[in-house]
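Results of the structural survey
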Amino acid sequence: MQQFLVTANGPLQGEVIISGAKNAALPILFASLLAEQPTIISNVPKLKDIETTFKLLQLFGAEVECTGNTVRVDASKINNQFAPYELVKTMRASILALGPLLSRFGQAEVSLPGGCAIGARPVNLHIDGLRKMGAEITVENGYIKASAKRLKGAHLVMDMVSVTGTENLMMAATLAEGKTVIENAAREPEIVDLAVYLNTLGAKISGAGTDTLVIEGVTALHGGEHRVLPDRIETGTFLVAAAVTGGDITCKFAAPTDLEAVLEKLREAGAEISTGEDWIRLNMTGRQLKSVDVKTVPHPGFPTDMQAQFTVLNVVAEGVGVVTETIFENRFMHVPELQRMGAKIRLEGNTAVCQYSPSLNAAQVMATDLRASASLVIAGLVAKGTTVVDRIYHIDRGYEHIEHKLQALGAHIQRIDG
Ligand SMILES: CC(=O)N[C@H]1[C@@H](OP(=O)(O)OP(=O)(O)OC[C@H]2O[C@@H](n3ccc(=O)[nH]c3=O)[C@H](O)[C@@H]2O)O[C@H](CO)[C@@H](O)[C@@H]1O
Ligand SMILES: C=C(OP(=O)(O)O)C(=O)O
């Protein structure tokens with residue numbers, strides 16, 4: 001199993017190119033299943049989750065051609081609507097096959113994704129919404145079996161804000177008969193990107209980016225082209241890495257407007273932030289890092305996918321920072337690993353009280369999920385000695401060439417076969 005070796009090497013400096021967003025590329029690739037003609041998607045990051053998605057699309061009968069970061073999906077000859085456990089278990093976002101397959105082909109059988117290290121992560125909202133649109137759904141032997149002659153538009157009020165829940169129902173509604181209204185919809189930038197893509201293919205979606213989506217069903221989607229938006233979480237991860245090392249970096253091909261809550265917290269932490277249309281510079285040179293309180297909430301608030309990185313920031317910064325996690329019930333698995341490196345963190349229910357820990361020491365630590373792994377790499381950039389991060393397959397799910405990008409900024413990080 002591969003590992004990262006990370007050794008502190010002073011401030012990160014230079015430019016880093018931000019990849020396309022994993023959490024936008026995944027729903028967009030699944031949405032291609034709705035189109036009767038080929039679609040071309042650019043700025044698709046090269047990630048493990050994207051490979052898994054290609055495998056699923058191919059299993060359904062789609063042709064997938066990849067040239068660099070551009071992908072052509074031809075879903076004109078889909079002949080199978082079954083997503084097996086073996087693939088779904090490696091990627092929760094596989095649940096995004098359900099809405100498109102059911103909506104276009106009238107049937108789908110998708111394995112329940114199950115929980116993961118960060119929480120139970122049920123999919124009841126996806127299922128309830130599809131049932132309200134007329135689908136017959138059974139959940140047996142770990143599989144969701146759904147059928148519907150043609151889905152019918154419905155008025156859906158979501159009990160909780162769910163990102164993939166909103167995406168699945170939005171995709172299903174594009175080919176439903178009549179109008180669907182989704183209230184209490186997620187407002188993440190990735191939802192907007194998906195809506196833009198679907199509208200390019202002929203869907204009629206309005207309200208993306210607000211909490212009410214209106215989808216007028218159409219009978220078919222045609223082909224089209226789309227560029228995936230920049231990854232705001234990858235951007236935020238590099239910015240935190242620069243902040244804790246006292247660095248000065250510029251993230252290029254980024255989307256500053258999608259990251260306002262995070263940029264505000266970085267300013268509060270003492271960083272000098274400047275932005276242009278598609279770049280963000282963080283300069284920490286000669287500035288004092290201060291701890292910040294953060295509370296995770298749905299967009300446009302502070303994202304849960306940046307929580308672990310800010311936990312590290314708070315142990316490197318002077319003062320006491322309180323990190324409150326309100327989205328997932330178990331998203332502090334990085335804390336015991338950071339404690340092994342000397343981080344002074346006290347867990348109290350859904351909060352982590354982080355104290356300035358001047359002497360972080362390298363240790364062998366274990367990645368438990370994607371962002372937890374990122375936080376361990378960041379801690380390694382400032383710890384004394386060489387940190388060994390195990391199970392980095394988690395990080396490969398969501399960061400494109402992270403070690404190459406960090407090396408270009410001056411970091412000492414190496415991938416080895418452990
Ligand atoms: C591929 C993708 O885009 N993943 C993102 C997506 O995950 P994902 O879409 O799975 O997360 P959700 O927004 O659905 O989850 C939010 C909360 O709602 C709960 N819930 C969700 C659905 C449901 O049917 N029932 C239910 O109770 C979840 O357990 C969680 O407590 O949004 C999360 C929250 O911003 C991010 O951390 C993930 O990176
Ligand atoms: C939790 C995440 O992803 P997923 O929903 O795919 O597990 C993430 O991107 O941080």
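Residues numbered from 1 in each chain as written. Chains lettered and ligands numbered in written order. Predicted model: local features only at pLDDT ≥ 70, side-chain atom pairs only at ≥ 80, totals over all residues.

Turning next to the overall build of the protein chain. Secondary structure assignment for the protein chain yields 14 helices and 24 strands. Here the C-alpha atoms of the protein chain give a radius of gyration of 21 Å, agreeing with the 22 Å that 2.2 N^0.38 yields for 418 residues. Considering only C-alpha atoms, the protein chain reaches an extent of 65 × 45 × 40 Å along its principal axes. Classification of the 418 residues of the protein chain by burial places 53% in the buried group. When contacts within the protein chain are restricted to residue pairs at least 6 apart in sequence, long-range pairs at least 24 apart make up 72% of them. (Helix = DSSP H or I, 4+ residues; strand = E, 2+ residues; numbered from the N terminus. Rg over C-alpha atoms; globule rule 2.2 N^0.38 Å. Buried ≥ 20, exposed ≤ 12 C-beta atoms within 10 Å, placed from the backbone. Contact = placed C-beta atoms within 7 Å.)

We now examine the environment of Ser94. Tracing the backbone shows Ser94 in the loop between α3 (85–88) and α4 (98–105). Considered as a pair, Ser94 and Arg340 are 246 residues apart in the sequence and their alpha carbons are 34 Å apart. Setting aside its immediate chain neighbours within four residues, Ser94 contacts Leu56, Ala83, Leu87, Val88, Val110 and Pro113.

A few words now on the site of ligand 1. Inspection of the region around ligand 1 gives 20 residues, with Asn23, Leu125, Ser162, Val163 and Thr164 positioned closest. Along the lines of polarity and charge, the residues of the shell around ligand 1 split into 9 nonpolar, 8 polar and 3 charged. (Near = placed C-beta within 6 Å. Nonpolar A, V, L, I, M, F, W, Y, C, P; charged D, E, K, R; others polar.)

Moving on: the packing of helix α1 (residues 22–31) against helix α2 (residues 48–60). Following both chains from N to C, one finds α1 and α2 inclined at 5°, their axes separated by 10 Å at the closest point. If you check the angle between α1 and α2, you find them roughly parallel. Residues Lys22, Ala25, Leu26, Leu29 and Phe30 of α1 pack against Asp49, Ile50, Thr53 and Leu57 of α2. Of the residues contributing to the contact of α1 with α2, the split by class is 6 nonpolar, 1 polar and 2 charged. (Axes fitted to C-alpha atoms, helices over the stretch in contact; angles between N-to-C directions. Parallel < 35°, antiparallel > 145°, perpendicular 65-115°, else oblique.)

In this section: the packing of α1 against helix α7 (residues 189–200). α7 packs onto α1 with a crossing angle of 30° between their chain directions and a minimal axis gap of 9 Å. Relative to α7, α1 is oriented roughly parallel. Considering how the two elements wind past one another, α1 and α7 form a crossing that is right-handed. The residues of α7 that touch α1, namely those facing Asn23, Ala24, Pro27, Ile28 and Ala31, are Glu190, Asp193, Leu194, Tyr197 and Leu198. Its residues placed into classes, the contact of α1 with α7 shows 7 nonpolar, 1 polar and 2 charged. (Left-handed = near helix turned anticlockwise from the far one by under 90°.)

Right, let's talk about the UniProt feature "binding site: UDP-N-acetyl-alpha-D-glucosamine" (unreviewed entry) in the protein chain for a bit. Mapped onto this structure's residue numbering, the UniProt feature "binding site: UDP-N-acetyl-alpha-D-glucosamine" (unreviewed entry) falls at Arg92, Asp305 and Ile327. With respect to the helices and strands, the residue Arg92 is situated in the loop between α3 and α4. Arg92 sits in the partly exposed class, given 18 other C-beta atoms within 10 Å. When near neighbours in sequence (up to four residues on either side) are disregarded, Arg92 contacts Pro113, Cys116 and Arg121. The partly exposed category is assigned to Ile327, around which 19 C-beta atoms lie within 10 Å. Discounting residues that sit within four places of it in the chain, Ile327 has contacts with Thr296 and Thr304. (UniProt positions renumbered as here; feature names shortened; annotations may be inferred.)

In this section: the site of ligand 2. Surveying the vicinity of ligand 2 reveals the residues Asn23, Arg92, Ala93, Cys116, Asp305, Leu370, Arg371 and Gly398. The class makeup of the residues in the shell around ligand 2 is 3 nonpolar, 2 polar and 3 charged.

Because side chains alternate across strand β13 (residues 212–216), one face comprises the buried residues Leu213 and Ile215, and the other comprises Thr212, Val214 and Glu216, none of which is buried. With 5 bridges joining them, strand β11 (residues 179–183) and β13 adopt antiparallel strand pairing. By the bridge assignment, Thr180 is partnered in β13 with Ile215. In terms of strand pairing, strand β12 (residues 204–206) meets β13 through 3 bridges, oriented antiparallel. Counterpart to Ile205 in the pairing with β13 is Ile215. In this antiparallel pair of consecutive strands, β12 and β13, the connection spans 5 residues, and Gly207 shows a positive phi of 90°. (Pairing = 2+ DSSP bridges.)

What follows is about the nonpolar core. Judged by nonpolar contacts, the single largest core of 140 residues is most densely connected at Ala97, Leu102, Met170, Ala243 and Val244. For this core, the element with the most residues is helix α8 (residues 232–244), which contributes 8 residues. Those residues in contact with Ala243, other than ones at most four positions away along the chain, are Leu266, Ala269, Ala271, Leu282, Met284, Leu289 and Leu313. (Core = buried A, V, L, I, M, F, W, Y, C linked by C-beta atoms within 7 Å.)

Moving on to the confidence of the model for the protein chain. Averaged over the protein chain, the pLDDT score is 97; the fraction of residues at 70 or greater is 100%. Taken over the whole predicted complex, pTM reads 0.98, whereas the ipTM for its chain interfaces reads 0.99. (pLDDT = per-residue confidence, 0-100.)

The next thing to look at is the pairing of strand β23 (residues 386–390). The alternating pattern of β23 places Thr387 and Val389 on a buried face, while none of Thr386, Val388 and Asp390, on the opposite face, is buried. With 4 bridges connecting them, strand β1 (residues 2–7) and β23 associate as antiparallel partners. Bridging from a neighbouring strand, Thr7 pairs with Thr386 of β23. Sheet analysis places strand β22 (residues 364–366) next to β23, joined by 3 bridges and oriented parallel. Counted as the bridge partner of Val365 is Val389 from β23. Between β22 and its parallel partner β23, the chain crosses via helix α12 (residues 370–380), and the hand of that crossover is right-handed. (Right-handed = clockwise from strand over helix to strand, strands pointing away.)

Attention now moves to the sheet that holds strand β21 (residues 351–355). Within a sheet, adjacent strands bond to each other through the backbone by hydrogen bonds, running parallel or antiparallel. Across the sheet, which stays open at both edges, the 4 strands sit in the order β18-β19-β21-β20 with mixed pairing between neighbours. Looking at strand neighbours, the two that pair on one side only are β18 (294–295) and β20 (344–348), the edges of this open sheet. When β20 meets β21, the two strands line up antiparallel, connected through 5 bridges. Paired with Glu348 across the bridge in β21 is Thr351. Against the sheet, helix α10 (residues 307–316) contacts β18, β19 (320–324), β20 and β21, and its axis sits at roughly 165° relative to β19.

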